[in-house]
Amino acid sequence: IGLFPHMSVAENIAFGVPPDTIDLDRVQQAARQAQIADFIESSPEGYQAYVGERGIRLSGGQRQRIGLARAVYGNPRLLVLDEPNSNLDDQGEKELVEAIERVKSQGSTVIIITHRKMVLASVDKILIMKEGLAVGYGPKDEGLASLAAPAAPRSIAG
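Residues numbered from 1 in each chain as written. Predicted model: local features only at pLDDT ≥ 70, side-chain atom pairs only at ≥ 80, totals over all residues. Heavy atoms only, no water.

S.K.: Sorry, what's going on with the nonpolar core here?
M.R.: Soluble, globular proteins show a tendency: their nonpolar side chains are buried together. Counting residues in hydrophobic clusters, the biggest one holds 38 residues, and the most contacted among them are Val9, Ile13, Val27, Tyr47 and Leu68. Those elements that provide at least two residues to this core are α1 (9–13), α2 (24–33), α3 (37–42), α4 (60–72), β1 (78–82), α5 (90–105), β2 (109–113) and β3 (125–130). If we ignore the near neighbours within four places in the chain, the residues touching Tyr47 are Ser8, Val9, Ala10, Leu24, Val27, Gln28, Ala31, Ala37, Ile40 and Glu41. (Core = buried A, V, L, I, M, F, W, Y, C linked by side-chain atoms within 4.5 Å. Buried < 20%, exposed > 50% of the residue type's maximum accessible area, 1.4 Å probe, protein only. Helix = DSSP H or I, 4+ residues; strand = E, 2+ residues; numbered from the N terminus. Contact = heavy atoms within 4.5 Å.)

Written out as structure tokens, the structure reads:
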């Protein structure tokens with residue numbers, strides 16, 4: 001997740017909004033949705049803290065959550081998350097699933113690209129890709145069942 005060390009946490013979340021027009025209530029709401037608000041608010045400088053070497057140091061999972069807060073800041077209709085759980089431990093993944101559920105409950109469509117199955121708890125449908133091709137699509141339970149089933153043998157015509 002690309003965070004900008006010359007900007008505050010609030011500026012990173014509201015990226016693209018002029019600093020003097022940032023709505024701190026919306027920033028805090030986005031941070032709550034991404035489940036990073038408690039961490040930010042425990043810092044002495046809170047949302048005004050800089051990220052990185054000059055400010056608060058963040059783990060990979062915390063960086064991802066600030067990135068998720070940035071993504072939900074504008075209440076998007078469509079949110080695409082590419083490997084959003086790649087730097088998260090099991091607890092972080094559970095919190096990510098909860099955050100995705102909150103975003104969906106507010107009317108957003110969320111597309112998740114992942115190799116790890118835990119985050120799939122928050123999806124309704126699954127598209128399974130193999131070697132760049134769609135090999136399955138449908139309800140989550142059917143897709144997960146097909147992933148668990150042994151692969152059918154293929155005949156090779158010569």
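S.K.: Got a minute to help me understand the side chain of Glu83 in this structure?
M.R.: In this structure, Glu83 sits in the loop between β1 and α5. No salt bridge forms around the buried Glu83; measuring N to O, its nearest opposite-charge neighbour Arg116 is 6.9 Å away. At a separation of 2.4 Å, a polar atom in the side chain of Glu83 contacts the side chain of His115. (Lys, Arg positive; Asp, Glu negative; His and termini not counted. Salt bridge = Lys/Arg side-chain N within 4 Å of Asp/Glu carboxyl O. Polar contact = N/O pair within 3.5 Å; in protein donor to acceptor, adjacent residues only side chain to side chain.)

S.K.: Is there a simple way to think about the pattern of salt bridges in this case?
M.R.: Pairing between side chains of opposite charge can happen when their charged atoms approach one another. Scanning the model with the defined rule gives 3 salt bridges in all. The salt bridge involving Lys104 is made with Asp124; its shortest N-O contact spans 3.5 Å. Separated by 20 residues along the polypeptide, Lys104 in helix α5 and Asp124 in the loop between β2 and β3 bring together distant segments of the chain. On the basis of relative accessible area, Asp124 is assigned to the exposed category, the value being 56%.

S.K.: Looking at this structure, I do not really get the pairing of β2. What am I missing?
M.R.: The side chains of a regular strand alternate between the sheet's two faces. Here β2 shows a clear split, with Val110 and Ile112 buried on one side and none of Thr109, Ile111 and Ile113 buried on the other. Note that β1 and β2 share 5 bridges and pair parallel. Bridge pairing links Val80 to Ile111 in β2. With respect to chirality, the unit in which β1 leads through α5 into the neighbouring parallel β2 is right-handed. (Pairing = 2+ DSSP bridges. Right-handed = clockwise from strand over helix to strand, strands pointing away.)

On their own, these measurements won't tell you what the molecule is for.
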